[in-house]
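Overview (structure and organization)
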There are 2 protein chains.
Amino acid sequence: MPATRSLPRPVAIVAAGISKFGAFPGKSSRDLFVEAFLDMESSASKGMDARAIEALYLGNFSSELFEHQGHTAPLIAEAVGLTPIPAVRVEDACASGGVALRQGVMAVASGMYDVVLVGGAEKMTSLPTAEVTDALATAADTQYEIPAGFTFPGFYAAIATAYMHRYGMRPEHLMNVAIKNHENGALNPNAQFGVSISDWMQSRIAAAIKKGKPAPTWQNVWDFLHDDSANPMIAWPLRLFDCSPITDGAAALLLVSAERAADYTDHPIYIIGSGQASDVPLHGRSDLTTLSAARNAAQQAYQMAGVTPADIRFAEVHDCFTIAEIVATEDLGFFPPGDGYKMAEDGVTARNGAKPINVSGGLKSKGHPVGASGIAQAVEVFKQMHGLAGERQLKGDVSLALTHNVGATGSTCVVHIYERKN
Amino acid sequence: MPATRSLPRPVAIVAAGISKFGAFPGKSSRDLFVEAFLDMESSASKGMDARAIEALYLGNFSSELFEHQGHTAPLIAEAVGLTPIPAVRVEDACASGGVALRQGVMAVASGMYDVVLVGGAEKMTSLPTAEVTDALATAADTQYEIPAGFTFPGFYAAIATAYMHRYGMRPEHLMNVAIKNHENGALNPNAQFGVSISDWMQSRIAAAIKKGKPAPTWQNVWDFLHDDSANPMIAWPLRLFDCSPITDGAAALLLVSAERAADYTDHPIYIIGSGQASDVPLHGRSDLTTLSAARNAAQQAYQMAGVTPADIRFAEVHDCFTIAEIVATEDLGFFPPGDGYKMAEDGVTARNGAKPINVSGGLKSKGHPVGASGIAQAVEVFKQMHGLAGERQLKGDVSLALTHNVGATGSTCVVHIYERKN
């Protein structure tokens, strides 16, 4: 991997928006993107004229399988009135959004464009769950892995068991991640499951009583999370609450050159680091406890930004499964290998901890519309840095942040670093 | 559409390769890409070290539907030994290849990379023809167009009838394009249907005689092309020989910065113009006889390159149907509106004409593995400019060429202009 070079000119995010995440039977990915686009427009503190937008990069994993619609980018451009701008769909499985962001960054940095819209959209709930699982499996290697019986919960269960074996983590450690991310997501009005696990449990108890059924005897969330009826095993050691949901959603960012930033906001968020790497599929790796593409992408991004993991104030990482967040916090250099699960247990990654992770609720609670997730991470960074994060707003300095977006089991990883300079 | 800016630094093609195009039951898109990559390696006149490659942009329309495989880019990168480089799939329907090329150009121009592989791959013959037609239809608007009964032959038939109505073209004029492109493809060893229509007819006659059946009474290719049994109607006025085939294939290009070009070749091919535009789907347009995205993209490319249509020595255009080539030659400014079909009739677009179009055989005869077609066009430019085009080599000056790659009915169009400077 050659040394990462710096961007030829700075690129800033000046507006960011997100749709409600959830299951919306009446909405297509176009509808969802319009929602995100309108939210983005309202975030530009000095307003914005959509006619200035010169290109669209759209992250989308599989509109072909989910909506039987390819060639999504020009249709989405049309939906927000941007025809005839160049509209490009970028696909790298669940990293499609982050990779689209990276293409947008390069497009502005290259000088070809000054104002670029990057977005992500995915409409997933149109299919039955088994077909969604099958569609998601196409992100893995369908020649060598899927015929062996793997689907994504199984892949990440393999990562979890390897990690447990090496570092002594127990399945209940994973639950700390789920509890934390649902507590964060409970403060995010756009989240699909914006409710703490504690409140979730209470609502289950209340519902049982209302129906005249015997009230469950859960004393606390730990009881709840260990109950096979409340939190069934999906792929040992991963239970239902270790898995991110199937989600419809969209997100959008406006990228501009530094010279143009002041037209939109007095507080542009600069993208000071960007890294991306690929890896062989999981079946070909010698170590399942780390994603080499994540380490590689992070190293590129840190090098470009000239910062260290310790400098990062908060991060949105790809918690498609709880184990993925633990591994991510190590791959990003926040914690030494084998310490990630302890940091989750000790509250270091909590909203009020030293290194807040997934303040948005993460994929786990906010939802995971796969092609949009990488963009939604950057939207959270923008909102936090602009003080727009409502009840989940981080206190104190939030001027340096990172996003980590993974495709499949890390065959793709893309990392960005953001700075608010004034 | 804002004015096109120039590239911040020059980008050159220094190697180009292509797989055999056709129907290959035993080969996946990975296998096909390896074939194209090896052909590309052998074209670098000073040799090449694959370890210098810093990123991959892969054009692919729908590996999800054709091979039930998403996240194709890192798998293709692995297949040619390029892990862990960033690997990005780009999708804009049948323009995926050309758009991937444009992303590669921007990536090098931005200074982020010096050596970038761009490629395209599509494996289409794995599905029954009806399912391929259905998969291709996802490139159109599946909310508004496909439920009305349209598939792609119908779309282009609508374009053809509108054109006939306005300009007085007759269906037999379309056949001139098919005859020409098959004559060109007959000289291309990589072509799927590398045979002239005349020879095709003769082989049909010989086969009938061999089987003891009455020999067909075709006196010439015109008889043959008007015979419903030999050349059945697909969607009036388009017959079988007006349609490009369903194809498996791949193509690859090596892009480098100007400073690095001399490491690979003494004759780099510079990409001096690049343009891309989107359009609303066909159902929303006021004029079916021209693709506004093509005019738009061409204008951008000409402006960047500082050349005019008259300067272009030869072009590879997107002849998914014969009518598409005729419209393309007008949209690109080679001929006035309504003259394209006359120029095909008069031999102006023939290999020895004043403006050779689709010397490779085009999509029509060479084949149309959709995500690879845009890259394959650039491969033909490289081969012509390096004198590697064998029997179909153009005579005289071939130093300025253009490629025109269309997604769907022109919801996307991307145009590139190439120059060999020494």
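Residues numbered from 1 in each chain as written. Chains lettered and ligands numbered in written order. Predicted model: local features only at pLDDT ≥ 70, side-chain atom pairs only at ≥ 80, totals over all residues.

**Focus on the overall build of chain A**
Going by this rule: Each helix is a run of H or I in the DSSP string that is no shorter than four residues. Each strand is a run of E no shorter than two, and both are numbered from the N terminus. The quantity called the radius of gyration is restricted to C-alpha atoms. Its globule counterpart is 2.2 Å times the number of residues to the power 0.38. Partly exposed residues are those falling between the two cut-offs: more than 12 but fewer than 20 other C-beta atoms within 10 Å of their own, whereas 20 or more means buried and 12 or fewer means exposed, with C-beta atoms placed from the backbone. By the convention adopted here, residues make contact when the C-beta atoms placed from their backbones lie within 7 Å.
Each helix and strand in chain A was counted, giving 15 helices and 11 strands. A globule of 422 residues ought to have a C-alpha radius of gyration of about 22 Å, and chain A, at 20 Å, matches this closely. Seen through its C-alpha atoms, chain A measures out along the principal axes to roughly 60 × 50 × 45 Å. Out of the 422 residues in chain A, the part that is buried amounts to 64%. Put simply, of all contacts in chain A between residues at least 6 apart along the chain, 77% involve residues at least 24 apart.

**Things to note about the interface of chain B and chain A**
The condition is simple: Here the rule is simple: two strands pair whenever DSSP picks up at least two bridges between them.
Taken together, the contact pairs 55 residues of chain B with 55 residues of chain A. Elements with a minimum of two residues in the side of chain B that touches chain A: α2 (63-67), α3 (72-79), β3 (87-91), α4 (96-109), β8 (269-278) and α11 (292-305) of chain B. As defined by bridge partners, strand β3 (residues 87-91) of chain A adjoins β3 of chain B across three bridges and the pair is classed as antiparallel. When the bridges of β3 of chain B are listed, Arg89 of chain A appears paired with Glu91 of chain B.

**Quick word on the pairing of strand β8 (residues 269-278) of chain A**
The two faces of the sheet receive side chains in turn, since in a regular strand these alternate between them. Residue and element names in this part refer to chain A. The buried fraction of β8 amounts to nine of the 10 residues, a majority that puts the element mostly inside the structure. Bridge count for strand β1 (residues 11-18) against β8 is two bridges, and the pairing is antiparallel. Along β8, the bridge assignment pairs Ile13 with Ile269. Pairing analysis gives nine bridges linking β8 to strand β11 (residues 412-420), with the strands arranged antiparallel. Residue Ile269 lies in a different strand from β11, and its bridge partner there is Arg420.

**Concerning the environment of Val34 of chain B**
Residues and elements named next belong to chain B. Looking at where Val34 falls in the secondary structure, it is placed in helix α1 (residues 29-43). For Val34, a count of 20 C-beta atoms within 10 Å gives the class buried. Separated by 242 residues in the primary sequence, Val34 and Gln276 have C-alpha atoms spaced 28 Å apart.

**A few points about the packing of helix α4 (residues 96-109) of chain A against helix α15 (residues 370-385) of chain A**
Between two packed helices, what matters for the description is the angle formed by their axes and the separation of those axes. Residues and elements named next belong to chain A. In plain terms, the rule: Fitting a line to C-alpha atoms yields each axis, with helices limited to the stretch in contact; the angle taken between N-to-C directions then spans 0 to 180 degrees. Note that the term roughly parallel is reserved for angles under 35 degrees, roughly antiparallel for angles over 145, roughly perpendicular for angles of 65 to 115, and oblique for everything else. As a working rule, the residues Ala, Val, Leu, Ile, Met, Phe, Trp, Tyr, Cys and Pro are called nonpolar, Asp, Glu, Lys and Arg charged, and the rest polar, with Gly in that last group.
For the pair α4 and α15, the least separation of the axes is 5 Å and the interaxial angle reads 60°. With respect to their mutual orientation, α4 and α15 come out oblique. Here Ser96, Gly97, Gly98, Ala100 and Leu101 of α4 come into contact with α15, specifically with Val370, Gly371, Ala372, Ser373, Gly374, Ile375 and Ala378. For the contact of α4 with α15, the residue count by class is six nonpolar, six polar and no charged.

**Here's the deal with the relation of the copies chain B and chain A**
This is how it is decided: Least squares is used to superpose the copies, and the fit set is the C-alpha atoms of residues whose pLDDT is at least 70 in both copies.
When chain B is fitted to chain A, the residual RMSD is 0.0 Å, and the transformation amounts to a turn of 180° plus an axial shift of 0.0 Å. Classification of the inter-copy transformation places it as that of a two-fold axis. Among all C-alpha atoms of chain B, that of Ser110 of chain B lies closest to the rotation axis, at 1.9 Å. Most of the interface of chain B is mirrored in chain A, where 100% of its interface residues again form contacts.

**Topic: the packing of helix α7 (residues 171-185) of chain B against helix α12 (residues 322-331) of chain B**
Residue and element names in this part refer to chain B. Two elements in contact, α7 and α12, have axes whose closest approach is 8 Å; the angle formed by their N-to-C orientations is 90°. One way to sum up the angle between α7 and α12 is to call them roughly perpendicular. Contact residues: Leu174, Val177 and Ala178 in α7; Thr322, Ile323, Glu325 and Ile326 in α12. Here the contact of α7 with α12 is built from residues that sort into five nonpolar, one polar and one charged.

**Observations concerning the nonpolar core**
Selection criterion: Residues enter a nonpolar core if they are buried, belong to Ala, Val, Leu, Ile, Met, Phe, Trp, Tyr or Cys, and are joined to the set through C-beta atoms within 7 Å.
Core analysis: the biggest nonpolar cluster contains 289 residues, and Leu56 of chain A together with Leu56 of chain B have the highest contact counts within it. Residues in contact with Leu56 of chain B, not counting those within four places in the same chain, are Ala73, Ile76, Ala77, Leu82, Ile85, Ala87, Val88, Leu117 and Gly119 of chain B.

**Side note on the environment of Asp227 of chain A**
Among the secondary structure elements, Asp227 of chain A is positioned in the loop between α9 (221-226) and β5 (233-235). The partly exposed category is assigned to Asp227 of chain A, around which 16 C-beta atoms lie within 10 Å.

**Some points on the confidence of the model for chain A**
So the rule is basically this: For every residue, the predictor assigns a confidence score, pLDDT, that lies between 0 and 100.
In this model, chain A carries an average pLDDT of 96, and 99% of its residues clear a pLDDT of 70 or more. Complex prediction metrics read pTM 0.97 and ipTM 0.96.

**A few points about α4 of chain A**
Residues and elements named next belong to chain A. Put simply, the test is: One less than the number of residues in a helix, times 1.5 Å, gives the span that helix is expected to have.
With 14 residues, α4 extends 20 Å from end C-alpha to end C-alpha; this agrees with the ideal 20 Å at 1.5 Å per step. With 14 of 14 residues buried, α4 is to be regarded as a mostly interior element. Looking one or two residues beyond α4, the residue adopting positive phi is Gly111, at roughly 90°.

**Focus on the pairing of β11 of chain A**
Residue and element names in this part refer to chain A. Counting buried residues along β11, nine of its nine residues qualify, which places the element largely inside the surrounding structure. Side chains Thr412, Val414, His416, Tyr418 and Arg420 of β11 all project onto a buried face; the interleaved residues Cys413, Val415, Ile417 and Glu419 project onto the opposite face, where all are buried too. Note: strand β10 (residues 400-407) against β11, eight bridges, orientation antiparallel. Looking across to β11, one finds that Leu402 is bridged to Ile417.

**Observations concerning unusual backbone geometry**
Between Trp236 of chain A and Pro237 of chain A the backbone carries a cis peptide bond, its omega angle lying at 5°. Turning to its location among the elements, Pro237 of chain A is positioned in the loop between β5 and β6 (238-239). Thr83 of chain B connects to Pro84 of chain B through a cis peptide bond whose omega is 15°. Structurally, Pro84 of chain B is set in the loop between α3 and β3. Its identity as a non-glycine residue notwithstanding, His71 of chain A has a phi of 50°, on the positive side. Within the fold, His71 of chain A resides in the loop between α2 (63-67) and α3 (72-79). By C-beta crowding, His71 of chain A is classed as buried, having 29 other C-beta atoms within 10 Å. If you check the backbone angles, His68 of chain B has positive phi at about 50° while not being a glycine. Mapped onto the secondary structure, His68 of chain B falls in the loop between α2 and α3.

**Digging into the environment of Thr125 of chain B**
Within the secondary structure, Thr125 of chain B is located in the loop between β4 (115-122) and α5 (129-137). Once residues within four sequence positions are removed from consideration, Thr125 of chain B is found in contact with Ala23, Ile246 and Asp248 of chain B.

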